[in-house]
Amino acid sequence: MAAFSGRFPATRLRRTRATQWSRRLVAETRLGPNDLIWPVFITAGDADQPIESMPDVSRFCLASIADQARMAADLGIPVIALFPNTPTALRSDDGGEALNPKNLVCQAIRSIKKAVPEIGIMADVALDPYTSHGQDGLVDRHGTVMNDATIDVLIRQAVVQANAGCDIIAPSDMMDGRVEAIRAALDQAGHQSVQIMAYGAKYASAYYGPFRDAVGSGGLLKGDKKTYQMDPANSDEALREVALDIAEGADSVIIKPGMPYLDIISRVRQSFNIPIFAYQVSGEYAMLQAAARAGALDLDAAMLEALLAFRRAGADGIISYFAPRAARLLNGSSA
Ligand code: PBG
């Protein structure tokens, strides 16, 4: 066998990689259950319903939502985010059901608050689960989503949800100026300590398809959301969006989708000191599940790698449909 003939390298990066204990010691990024937010769908039906485009994800009925929240809290997940599948008969042009204090989301909030007071509850502010046209806001007769008229409804939706016990209001509508208006409305209603987690940079993305199935807005939506959600071509504009949300009083911001937008997370992290959350959206979830089911990759390994990558890019936490599965693995048990 020929001897190694070069100089001995002084630095060998393989040295700290050589053993599991050493890799643990020098890991720059950590991922734990505390970093996860679990988005769940709610149905008005009396049984849980599987969602075809999202394997292992169901819409939970009101009778089971508190048990699900209990399970999440016991796994160490700090926050659960609620998304309603509003019955078609209750959807309308103006999304009025969003303001009903007894709507699905409000009932779910109350039931979770009562049974699992220690978990944080988050709910979106946007009209798409309630409108008959599937847009996030009110539309004029040309089909254009109206900014300021929509905000007048969103601030009432935020207060209705906070009255029900919601801890974090997450405006996902992308109207200009909504964070400031929602903050003022919450404060006036006595909800000074309710947080706002603003969808800061939310892109008009093809990766939301399975979510729209899950909330039942997909079949209703005509056209797209490009006049309010961001153009995937833009990154400087994301910094302007986030700067506005912070100036208007956001407590934290969301970047969405996740994996195709790691550069945005990284830029926002470098520019601002505010908690940042990545939303690993429904299409990302479906892709990983589909690849695993096709035998192309190991689901648990690929899932944990994707979640860790969000943390490395600069996210404080991740909104993920995998949250309970990931938390179980991170807590040391099998999924
Ligand atoms: C609605 C909303 C969407 C998502 C979260 N809130 C869809 C959309 O904007 O059309 C997508 C989440 C996902 O795909 O997992 N305002």
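Refer to the structure printed above.
Rules behind the numbers
- Residues numbered from 1 in each chain as written.
- Predicted model: local features only at pLDDT ≥ 70, side-chain atom pairs only at ≥ 80, totals over all residues.
- Heavy atoms only, no water.
- Phe/Tyr/Trp six-rings, centres within 6.5 Å; stacked < 30°, edge-to-face > 60°.
- Helix = DSSP H or I, 4+ residues; strand = E, 2+ residues; numbered from the N terminus.
- Buried < 20%, exposed > 50% of the residue type's maximum accessible area, 1.4 Å probe, protein only.
- Axes fitted to C-alpha atoms, helices over the stretch in contact; angles between N-to-C directions.
- Parallel < 35°, antiparallel > 145°, perpendicular 65-115°, else oblique.
- Left-handed = near helix turned anticlockwise from the far one by under 90°.
- Contact = heavy atoms within 4.5 Å.
- Nonpolar A, V, L, I, M, F, W, Y, C, P; charged D, E, K, R; others polar.
- 1 Å grid on protein atoms, 1.4 Å probe; cavity = no way out; pocket = protein on both sides within 12 Å on 5 of 7 lines; lining within 4 Å.
- Points joined across faces, edges and corners; volume = space filled by probe spheres on them.

Draft legend 1. Representation of the packing of aromatic side chains in the model. Scanning the entire structure with this criterion turns up 10 aromatic pairs. Ring geometry for Phe 41 and Phe 211: centres 5.6 Å apart, planes at 65 degrees, overall edge-to-face. In this pair, Phe 41 is assigned in strand β1 (residues 36-43) and Phe 211 in helix α6 (residues 209-215), connecting sequence segments 170 residues apart. By relative accessible area, Phe 41 is classed as buried at 1%. A residue is classified by how much of its surface remains accessible, and Phe 211, at 14% relative accessible area, is buried. Measuring from centroid to centroid gives 5.7 Å for Phe 41 and Tyr 321, while their planes differ by 10 degrees, and the two rings are stacked.

Draft legend 2. Representation of the packing of helix α2 (residues 62-74) against helix α3 (residues 104-115). α3 packs onto α2 with a crossing angle of 45 degrees between their chain directions and a minimal axis gap of 9 Å. Here α2 is positioned oblique relative to α3, judged by the angle of their axes. By crossing handedness, the relation of α2 to α3 is classed as right-handed. In this structure, α2 contributes Leu 62, Ile 65, Ala 66, Ala 69 and Arg 70 to the contact, and α3 contributes Leu 104, Gln 107, Ala 108, Ser 111, Ile 112 and Ala 115. Along the lines of polarity and charge, the residues of the contact of α2 with α3 split into 8 nonpolar, 2 polar and 1 charged.

Draft legend 3. Highlighting the layout of surface pockets. In this model, the largest pocket occupies a volume close to 380 Å³. Around the largest pocket sit 14 residues that line it, and Arg 23, Arg 24, Val 26, Ala 27 and Thr 29 are the ones nearest its centre. Residue assignment for the lining of the largest pocket shows that the elements contributing at least two residues are α1 (20-26) and α10 (299-313). With 4 residues, the single largest contributor to the lining of the largest pocket is α1. For the lining of the largest pocket, the per-class residue count stands at 7 nonpolar, 3 polar and 4 charged. Lining the second largest pocket are 18 residues, with Trp 38, Asp 56, Tyr 285, Tyr 321 and Pro 324 sitting closest to its centre. When residues of the lining of the second largest pocket are traced back to their parent elements, those giving at least two are β1, β3 (58-61), α2, α9 (282-293) and α11 (323-330). Looking at which element gives the most residues to the lining of the second largest pocket, the answer is β1, with 4 residues. Residue classes in the lining of the second largest pocket are distributed as 12 nonpolar, 3 polar and 3 charged.

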